[in-house]
Amino acid sequence: MAENILTAEQESKLRQPIDDYVGAIQEQINALRKDGTDQVIDIQSALDNLKRDKIYTAQEKETRRAQLQKELEQAKQVEAKNKEQISKLIADAEGYLKAHFDKDYFQAVAASCVQEKARAQAKYQAAVEQLNKTHQETVAKLTDPQEIKDEKYVHKNRLFDAKMQLAKDLQDVKDHRHAAFQHQYHLIDLLRMSRFTFAESAAQRWENYKYTFNARSFLLRNGLYLAIAVVFIALCFITPAVKGPNVQLLTVNNILNILQQASPRMFLALGVAGLILLAGTDLSIGRMVGMGMTAGTIVMHKGINTGGVFGHIFDFTGMPVVARVFLALLVCIVLCTIFTTIAGFFTAQFKMHPFISTMSTMLMIFGLATYSTKGVSFGGIESNIPDMIIPKLGAEGSTKFPTIILWAVAAVIIVWFIWNKTTFGKNLYAVGGNPEAASVSGISVFKVTMGAFVLAGILYGFGSWLECIRMSGSGSASYGQGWEMDAIAACVVGGVSFTGGIGKISGVVTGVFIFTALTYALTTLGIDANLQFIISGIIILVAVMLDCLKYVQKK
């Protein structure tokens, strides 16, 4: 095998004709671009700098700008004049690369790398055999137990060194092949000035993915998702076998039902995700939902309310339905935000753990809502409100699309923007990762913490309002019990780390869908609700375990 491995000189010799041919064309292109494209880029940069330059007076700036504009027009004329010739030269170089790079160079390097890999593994096996042989001979000569123990320790270290050498050799081979692959795109990059086609960009992304792929890291990130996917696929086959061929799990109608059920929960998960990002949590979510459902039903109730709040019977029937809908939304948001702000204040001001502050608000909310309403259900809301706010679109007799999903999509987009495109979002990650360092760098930990809790309250309010409309009311203070666990579990399964500062919106969305789909599938199959709790507990335990393993690996 060794005779097929290329030396550096042999590889350079294979690549030389390609570099010479394309290099000669590149020199011609550079000469044509010198007074054209290169000048256009330089002058445009100078114009941008001129706008920010405070040294010149307004008149001097205008004079300089006019001069640069004149030079820019001349450079663009040269660029336009040489454009066709440059395009022909680029096409010539790319045609040569297509015909010769893979056939005359890369295939030989790739084959050589295969041989190098085999040689490295054979070298490792030979080293291990020699170490084992030497170790056995040494141990046979020793009689003292301590000396034998020391020899075993030394032998173990030598085996580890040999393994590390193998890893280094394999990485060198991987680097060699990757560099050879990228050389073609380096040449194209110079020819086209970093303008790749979609296919070329995709090929580079795939190669980079393979180059950086690590099986252990991949399983730590995606192992749980793969396991759940396997379970869900198995349930898709088991359901018709148990319930009959007419009961199918993976249907359009079922998928829409899952998305519909997941939509209000998405708001809750997005809200608590920001708190988990700060290494916190929120135990009051379920009670927030109950409070919001009750308040929303009271405002949107069909007719005069049958129940009272502290003995007072509310009647909003004099208001237009649209006004009542938006008043209900405002009331839900205000109530939820008040209590998240209280919890946020104690967390931010007194460094109280969110577990305690939100547990306190959870008890306050439930006690207040139950005492004030005597725990009764307030019935249904106006029957036309669901069709007004979350109508189902589609022809009669066909599967209809529930527009409540669009509300969840909008929430995901807005929160993604806040997390990734605003200063507050960047500060959220910074405070979650290291609050002390964030504070030293000038970030107000108090404001960021309060902002996260206020945002959570707004999202809880929206979520409870949507759930009220989806369920057509029936508001009760006990509604939503246990929803905090579903929201927190969705975030954890989605990769939002309790260590703080780690998490993505896409992970939250995935987590919500996973739990909603799994619950729906198990319910369809007729699995007892108590057994579903066991399954959910196992999933959460595994998710947190994988998160801890990732954290330990980083440390």
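Analysis parameters
Residues numbered from 1 in each chain as written. Predicted model: local features only at pLDDT ≥ 70, side-chain atom pairs only at ≥ 80, totals over all residues. Heavy atoms only, no water. Helix = DSSP H or I, 4+ residues; strand = E, 2+ residues; numbered from the N terminus. Rg over C-alpha atoms; globule rule 2.2 N^0.38 Å. Buried < 20%, exposed > 50% of the residue type's maximum accessible area, 1.4 Å probe, protein only. Contact = heavy atoms within 4.5 Å. Lys, Arg positive; Asp, Glu negative; His and termini not counted. Charge placed at Lys NZ, Arg CZ, Asp CG, Glu CD. Patch = residues over 30% accessible without salt bridge, like charges linked within 9 Å, V, L, I, M, F, W, Y side chains within 5 Å. Areas by Shrake-Rupley, 256 points an atom, 1.4 Å probe, with all protein chains shown as cover. Salt bridge = Lys/Arg side-chain N within 4 Å of Asp/Glu carboxyl O. pLDDT = per-residue confidence, 0-100. Expected span 1.5 Å × (residues − 1). Core = buried A, V, L, I, M, F, W, Y, C linked by side-chain atoms within 4.5 Å. Phe/Tyr/Trp six-rings, centres within 6.5 Å; stacked < 30°, edge-to-face > 60°. Lys NZ or Arg CZ within 6 Å of the ring centre and 35° of its normal. Axes fitted to C-alpha atoms, helices over the stretch in contact; angles between N-to-C directions. Parallel < 35°, antiparallel > 145°, perpendicular 65-115°, else oblique. Nonpolar A, V, L, I, M, F, W, Y, C, P; charged D, E, K, R; others polar. Polar contact = N/O pair within 3.5 Å; in protein donor to acceptor, adjacent residues only side chain to side chain.

**Concerning the overall build of the chain**
Here's step 1: A count of helical and extended segments in the chain gives 18 helices and two strands.
Here's step 2: Rg of the C-alpha trace for the chain: 33 Å, well past the compact-globule value of 24 Å for 555 residues, more than 25% over.
Here's step 3: In terms of principal-axis extent, the alpha carbons of the chain reach across some 95 × 90 × 60 Å.
Here's step 4: Every one of the 555 residues in the chain was classed for burial, and the buried ones make up 40%.
Here's step 5: Sequence separation of 24 or more characterises 78% of the internal contacts of the chain that already satisfy a separation of 6 or more.
Here's step 6: Considering the chain, the positive charge centre built from 53 side chains and the negative charge centre built from 46 side chains are found 5 Å apart.

**A look at the environment of isoleucine 381**
Here's step 1: You can see isoleucine 381 is positioned in the loop between α10 (354-373) and α11 (385-389).
Here's step 2: With 20 residues separating them in the primary sequence, isoleucine 381 and threonine 361 have C-alpha atoms 27 Å apart.
Here's step 3: Setting aside anything within four residues of it in sequence, one finds isoleucine 381 in contact with Thr297, Met300, His301, Lys302, Pro386, Cys468, Ile469, Ser472 and Gly473.

**A few points about a nonpolar patch on the surface**
Here's step 1: Together, Leu330, Val334, Ile338, Ile342, Phe345, Phe346, Phe350, Met364 and Phe446 line one region of the surface with nonpolar side chains, adding up to about 780 Å² of accessible area.
Here's step 2: The element that contributes the greatest number of residues to the nonpolar patch is helix α9 (residues 321-350), accounting for seven residues.
Here's step 3: Among the secondary structure elements, phenylalanine 346 is positioned in helix α9.
Here's step 4: Phenylalanine 346 sits in the partly exposed class, given a relative accessible area of 36%.

**Regarding the confidence of the model for the chain**
Here's step 1: When pLDDT is averaged along the chain, the result is 90; 98% of the residues meet or exceed 70.
Here's step 2: Confidence scores differ between elements of the chain, with helix α18 (residues 529-554) showing the lowest mean pLDDT of 76 and helix α12 (residues 404-421) the highest of 97.

**Considering α9**
Here's step 1: Here α9 is 30 residues long and its end C-alpha atoms lie 43 Å apart, about the 44 Å a rise of 1.5 Å per residue gives.
Here's step 2: Just past α9, the residue lysine 351 takes up positive phi, approximately 55°.

**Let's talk about the nonpolar core**
Here's step 1: Within the largest apolar cluster, 93 residues are counted, with the highest numbers of intra-cluster contacts made by Leu270, Val272, Met300, Trp419, Tyr460, Trp465 and Cys491.
Here's step 2: For this core, the element with the most residues is helix α7 (residues 252-277), which contributes 13 residues.
Here's step 3: Core analysis: the next-biggest nonpolar cluster, separate from the first, contains 25 residues, Leu6, Val22, Ala93 and Val173 among them.

**Digging into the packing of aromatic side chains**
Here a ring pair, both rings aromatic, is described through the centre-centre distance and the interplanar angle of the planes.
Here's step 1: In the structure shown here, the tally under the stated rule is 20 aromatic pairs.
Here's step 2: Taking 5.3 Å as the distance between ring centres and 65° as the angle between the ring planes, the aromatic pair formed by phenylalanine 101 and tyrosine 105 counts as edge-to-face. Taken together, the positions of phenylalanine 101 and tyrosine 105, both in helix α3 (residues 58-141) and four residues apart, correspond to about one turn of that helix.
Here's step 3: Judged by relative accessible area, which is 2%, phenylalanine 101 ranks as buried.
Here's step 4: Here tryptophan 407 and tryptophan 465 contribute two aromatic rings whose centre-to-centre distance is 5.4 Å and whose plane-to-plane angle is 70°, an arrangement assigned as edge-to-face. A residue pair is termed long-range when its members are at least 10 positions apart, and tryptophan 407 in helix α12 and tryptophan 465 in helix α15 (residues 445-470) qualify at 58 residues.
Here's step 5: Taking the relative accessible area as the measure of exposure, tryptophan 407 reaches 28% and is therefore partly exposed.
Here's step 6: Judged by its relative accessible area of 1%, tryptophan 465 is buried.
Here's step 7: Taken together, the ring pairs in this structure connect Phe106, Phe181, Tyr185 and Phe196 into an aromatic cluster.
Here's step 8: Across from the ring centre of tryptophan 483, 4.0 Å away, lies the NZ or CZ of arginine 265, which sits over that ring.
Here's step 9: The positively charged end of arginine 287 is found above the aromatic ring belonging to phenylalanine 366, 3.8 Å away from the centroid.

**Describing the side chain of threonine 294**
Here's step 1: If you trace the backbone, threonine 294 turns up in helix α8 (residues 285-300).
Here's step 2: Among all residues touching threonine 294, those that are not within four sequence positions of it are Thr373, Phe378, Gly475, Ser476 and Ala477.

**Quick word on the environment of alanine 46**
Here's step 1: Structurally, the position occupied by alanine 46 is in helix α2 (residues 37-52).
Here's step 2: Along the chain, alanine 46 and valine 247 lie 201 residues apart, while their C-alpha atoms are 68 Å from each other.

**Description of the pattern of salt bridges**
Here's step 1: Following the criterion strictly, the structure yields 13 salt bridges and no others.
Here's step 2: Note that arginine 65 is salt-bridged to glutamate 62, the shortest N-O span being 2.8 Å. Here the residue arginine 65 and the residue glutamate 62 both occupy positions in helix α3, the gap between them amounting to three residues, near one helical turn.
Here's step 3: Linked by salt bridges that have partners in common, Glu94, Arg192 and Glu200 make up one network.

**Re the packing of α12 against α15**
Here's step 1: Following both chains from N to C, one finds α12 and α15 inclined at 175°, their axes separated by 11 Å at the closest point. Comparing their axes, α15 and α12 come out roughly antiparallel. Of the residues in α15, those touching α12 at Ile404, Trp407, Val415 and Ile418 are Leu455, Leu459, Phe462, Trp465, Leu466 and Arg470.
Here's step 2: Grouping the amino acids of the contact of α12 with α15 by side-chain chemistry returns nine nonpolar, no polar and one charged.

**Some words on the packing of helix α1 (residues 8-34) against α2**
Here's step 1: α2 packs onto α1 with a crossing angle of 50° between their chain directions and a minimal axis gap of 5 Å. By the angle class used here, α1 and α2 are oblique. Of the residues in α2, those touching α1 at Asn30, Arg33 and Lys34 are Thr37, Asp38 and Gln39.
Here's step 2: Counted by class, the contact of α1 with α2 contains no nonpolar, three polar and three charged residues.

**Thoughts on the side chain of threonine 37**
Here's step 1: Structurally, the position occupied by threonine 37 is in helix α2.
Here's step 2: At a separation of 3.1 Å, a polar atom in the side chain of threonine 37 contacts the side chain of glutamate 79.
Here's step 3: Excluding residues within four positions of it along the chain, threonine 37 makes contact with Glu79 and Met193.

**Some thoughts on unusual backbone geometry**
Here's step 1: Unlike most non-glycine residues, alanine 279 shows phi in positive territory, near 65°.
Here's step 2: Structurally, the position occupied by alanine 279 is in the loop between α7 and α8.
Here's step 3: Positioned with a positive phi, serine 472 is a non-glycine residue whose angle comes to about 55°.
Here's step 4: Summarising the element assignment, serine 472 is placed in the loop between α15 and α16 (483-493).
Here's step 5: By relative accessible area, serine 472 is classed as partly exposed at 33%.

**Quick notes on the environment of aspartate 144**
Here's step 1: Along the chain, the position of aspartate 144 falls in the loop between α3 and α4 (145-192).
Here's step 2: By relative accessible area, which is 34% here, aspartate 144 ends up partly exposed.
Here's step 3: The spatial distance from the C-alpha of aspartate 144 to the C-alpha of valine 508 is 60 Å, given a sequence separation of 364 residues.
Here's step 4: Polar side-chain contacts of aspartate 144 include one of 3.2 Å to the backbone nitrogen of glutamine 146.

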